[in-house]
Amino acid sequence: MVGVELGWAATLHRLWSSVTVITARDQLADLVLPPLLTEPGVLAVWGLRHDPAGGISAYRWAGLPLRQEDRAEAEKIAARELPVAPIGPELESLRAQGARQVLSARLDVPGAEAGSMLVVAGADADLPRLQACLAQIVDVTREAIRRLLAGRTEDEQQMRDALLAEASLQMDAVLDTTQTMHRAARMAVPAIAEGCLVYVLEDDKLLLRSAVHVDMRRLDTALANPAYAACLSDLASRAVAGNAERVHSGDTDSAGTRTIHPQLLRARGRVLGVLLFLFDRGDDRIPPPDFLRDLAYRAALAIDNGELYEQRRRDVVTMQQHLLPSRLPVVPGIAIAASYAVGDRVTEVGGDFYDVVTRTDGVVAALVGDVCGRGPEAAALTGMARHTLGTLLTEGVSPARALGRLNTGLRRDGSWRFVTAGVAMLRPAAKGLAVQWNSAGHPAPIVLRRGRSAQAARGGGIPLGVLPQATIGRSRLLLAPGDALLMFTDGLTEARDADGVMFDHAALWQALDRLRDAPVETLVHELSQASAIFGGAVADDIAVLAVRAEEHHDG
Amino acid sequence: MGETDRDLVLVVEDSDEDVEAIGRAIGRSHPQVRLEFLRSGAEVMPRLTAAGATLPGMVLLDLNMPGEGGLDVIKRIRAEPAVSALILVVFTSSEDQAEADACYAAGADSYIFKPINFALFRTVLHQTLDYWRSRG
């Protein structure tokens, strides 16, 4: 039995203490190899790390270096797993330096790359003692690797939890499906894979919609090869058909990828596409299939939500268009234009409306209104309000009576919703266009006179549906040739910037100064756009209707 | 131009928090790697092109910095033959795909997202360094 004096015991104690503080396997060699060099007769201590494919992934040494030309022989010695072997002529350079024998020990830790330690010793070395010391060093090393592996497993679990949380956050933050697909791929790379491709089913065809790689140039080059692209596409198709498994290439493929894992994108019982995860890393670093499935499920849900949102929004825009006149009448002497912008985040039909109708006596009625609230009930009321007012005004009923009839109708239906509305009656006059404005609680229109600053006209009245009797505010004005009247809903003026300032505080009037003499089509569209840009987006629906007395109007 | 030190990573980052986090993450995953920090884009070219300067194995670049941003730095490095072969990794919290496209067009090797969670942050850097160091 070998006696162990205090010096070696102190060394071992230091090693065991250090086991708890190292964070990477690369730190191990500097810790465990040098101590054996202090033993009499020891010339070198070498460490070999074995990769799963049977090769050596790292060479380390203390003392005489493990030279390139000696490595093959060192590997043979390690493979023989003999506790002690003589140094043969293959290692002549070592023999020349007094080396005569080599002690060998292998260490295996399940789940981690195995290692071998070789101690090169001279003829005078105390072999039994060295063997005991080596065994103790192997124990320390094995424990260090086991702890690193446990730490890594815990770190990976933490990372995967964080990735799922962050991926959900990132993907839920957008409703645009293209962005969602890109974010899903970008979150995965390089944390869990070297690359990620997103294939999406569109009209029964599988299309590559996003491709992300830690080395994008490499992936682009690989995808530019039609055979490689077809191979990936085929794998994705087979995944959709339910018969694709993880693919291992014997050697790395043209993209340097060792493993490709297909994962179906499925949400609410519908297959949306496939994620292909590309791995360069060894199998031990590839996340478990359950995790990849979970990540793909979250991506699929986010993509599906985006698609549902898009569908709903398209429906809203279509329905909104049906609540508005398909075209406006052409009236000699009056230029007319309207614009309607649906709010960006809107998924329900809004209540803004406008129309222009002509009476048989040539008087033109331009009307604009806003039913409070959104959704199917508001949409039904919107249709009813526009048609009621339009029909009555066309038949020659006065604006006050038409608005009164609508008020009665709303009250009779017992709806809690109210409606603001404004009607401009336009009559040719000697010096332009005479306007009688009738307002039921609607925002005052704006008058744009040639060469002068824009001015708000009068509003007044009470919204319809509130009181048993309609209260209408009336005012008159004259539009000279070139002057225009701008009618709108409150979505235009109430857009707010990041500081909460409303569009009509200053920016509206600056935009009007700029657009005052523009054609009415330009006026309504650019004004609507200016409001949206001011607010960062179209927060609410915006209806704008403009009429201008034309220059050649001869009264 | 001096030699290249593969164990040296040049980090261009203006945020104190990110400088600390990058140091902590790489210090743990790659203890053999030395980090050199520059706090603005304008410091990069003078550092790389100084007489006898040691070149890093990789440059880790923040994108949004006051003054010269990461995109400008990429363009300047790629335009200077003496340093144009450097590995350039953009490490950013930006989610703008147009920025990613612009960085790749300018010559970035990687465009990596900067996570909020530290465990993820560390993993992303770990894998990025592993990848490029294995190819360097």
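Keep in mind that what you see is a predicted model, and the values were worked out from it rather than measured.

A. Structural detail: the overall build of chain A. Scanning chain A from terminus to terminus reveals 15 helices and 20 strands. The globule rule puts the C-alpha radius of gyration for 555 residues at 24 Å, and the 40 Å found for chain A is more than 25% above it. For chain A, the spread of C-alpha atoms along the three principal axes comes to 125 × 50 × 45 Å. For chain A, the residues scored as buried account for 53% of the 555 residues in total. Taking the contacts inside chain A whose residues are at least 6 apart along the sequence as the reference set, 64% of them involve residues at least 24 apart. With 58 positive and 68 negative side-chain charges, chain A shows a spacing of 6 Å between the two charge centroids.

B. Fine view of helix α15 (residues 520-535) of chain A. Residue and element names in this part refer to chain A. When the terminal C-alpha atoms of α15 are compared, their 23 Å separation across 16 residues agrees well with the 22 Å that a helix rising 1.5 Å per residue should span. Taken together, the buried positions of α15 are occupied by Val520, Leu523, Val524, Leu527, Ser528, Ala530, Ser531 and Ala532. The elements touched by buried residues of α15 are β11 (334-341), β16 (446-448), β19 (484-488), α13 (490-493), α14 (507-515) and β20 (542-549). Within two residues after α15, Gly536 carries a phi angle of roughly 85°, on the positive side.

C. Main features of the pairing of strand β7 (residues 205-213) of chain A. All names here are of chain A. For strand β6 (residues 195-202) and β7, the ladder comprises eight bridges, and the chain directions are antiparallel. Paired with Val200 across the bridge in β7 is Leu207. Between β6 and the antiparallel strand that follows it, β7, lie two residues; Asp203 among them carries a positive phi value of about 50°.

D. Here's a closer look at unusual backbone geometry. All names here are of chain A. Cis geometry is adopted by the peptide bond preceding Pro190, which originates at Val189 and carries an omega value of 0°. Structurally, Pro190 can be placed in the loop between α7 (177-188) and β6. Backbone geometry places Arg268, a non-glycine residue, at a positive phi of 50°. With respect to the helices and strands, Arg268 occurs in the loop between β9 (259-267) and β10 (270-279).

E. Representation of the domain arrangement of chain A. The domain architecture assigned to chain A consists of domain 1 (6-152), domain 2 (174-317) and domain 3 (323-549). One C-alpha centre belongs to domain 1 of chain A, the other to domain 2 of chain A; they are set 44 Å apart.

F. Here's a closer look at the packing of α7 of chain A against helix α10 (residues 289-322) of chain A. Residue and element names in this part refer to chain A. Running from N to C, α7 and α10 point in directions that differ by 165°, and their axes come no closer than 8 Å. Taken together, the axes of α7 and α10 lie roughly antiparallel to each other. You can see that α7 and α10 cross each other, and the crossing is right-handed. Within the contact between the two elements, α7 uses Thr177, Thr180, Met181, Ala184 and Ala188 and α10 uses Leu295, Ala299, Ala302, Ile303, Gly306 and Glu307. Of the residues contributing to the contact of α7 with α10, the split by class is seven nonpolar, three polar and one charged.

G. Inspection of the interface of chain B and chain A at higher detail. The partner chain A presents 29 residues to the 31 residues of chain B that form the contact. Interface area for chain B against chain A, summed over the two sides, is near 2500 Å², with a carbon-plus-sulfur share of 50%. Linking chain B with chain A are three salt bridges, by the criterion used here. Here Arg217 of chain A ties to Asp109 of chain B by a salt bridge, and the two come within 2.3 Å at their closest N and O atoms. Counting across the chain B and chain A interface gives 12 residue pairs in polar contact (both at pLDDT 80 or more). Contributing elements (two or more residues each) for the side of chain B that touches chain A: α1 (16-29), α4 (97-106), β5 (110-113) and α5 (118-135) of chain B.

Parameters at a glance
Residues numbered from 1 in each chain as written. Chains lettered and ligands numbered in written order. Predicted model: local features only at pLDDT ≥ 70, side-chain atom pairs only at ≥ 80, totals over all residues. Heavy atoms only, no water. Helix = DSSP H or I, 4+ residues; strand = E, 2+ residues; numbered from the N terminus. Rg over C-alpha atoms; globule rule 2.2 N^0.38 Å. Buried < 20%, exposed > 50% of the residue type's maximum accessible area, 1.4 Å probe, protein only. Contact = heavy atoms within 4.5 Å. Lys, Arg positive; Asp, Glu negative; His and termini not counted. Charge placed at Lys NZ, Arg CZ, Asp CG, Glu CD. Expected span 1.5 Å × (residues − 1). Pairing = 2+ DSSP bridges. Domains from an automatic or database assignment. Axes fitted to C-alpha atoms, helices over the stretch in contact; angles between N-to-C directions. Parallel < 35°, antiparallel > 145°, perpendicular 65-115°, else oblique. Left-handed = near helix turned anticlockwise from the far one by under 90°. Nonpolar A, V, L, I, M, F, W, Y, C, P; charged D, E, K, R; others polar. Buried area = accessible area lost by both parts, 1.4 Å probe. Salt bridge = Lys/Arg side-chain N within 4 Å of Asp/Glu carboxyl O. Polar contact = N/O pair within 3.5 Å; in protein donor to acceptor, adjacent residues only side chain to side chain.

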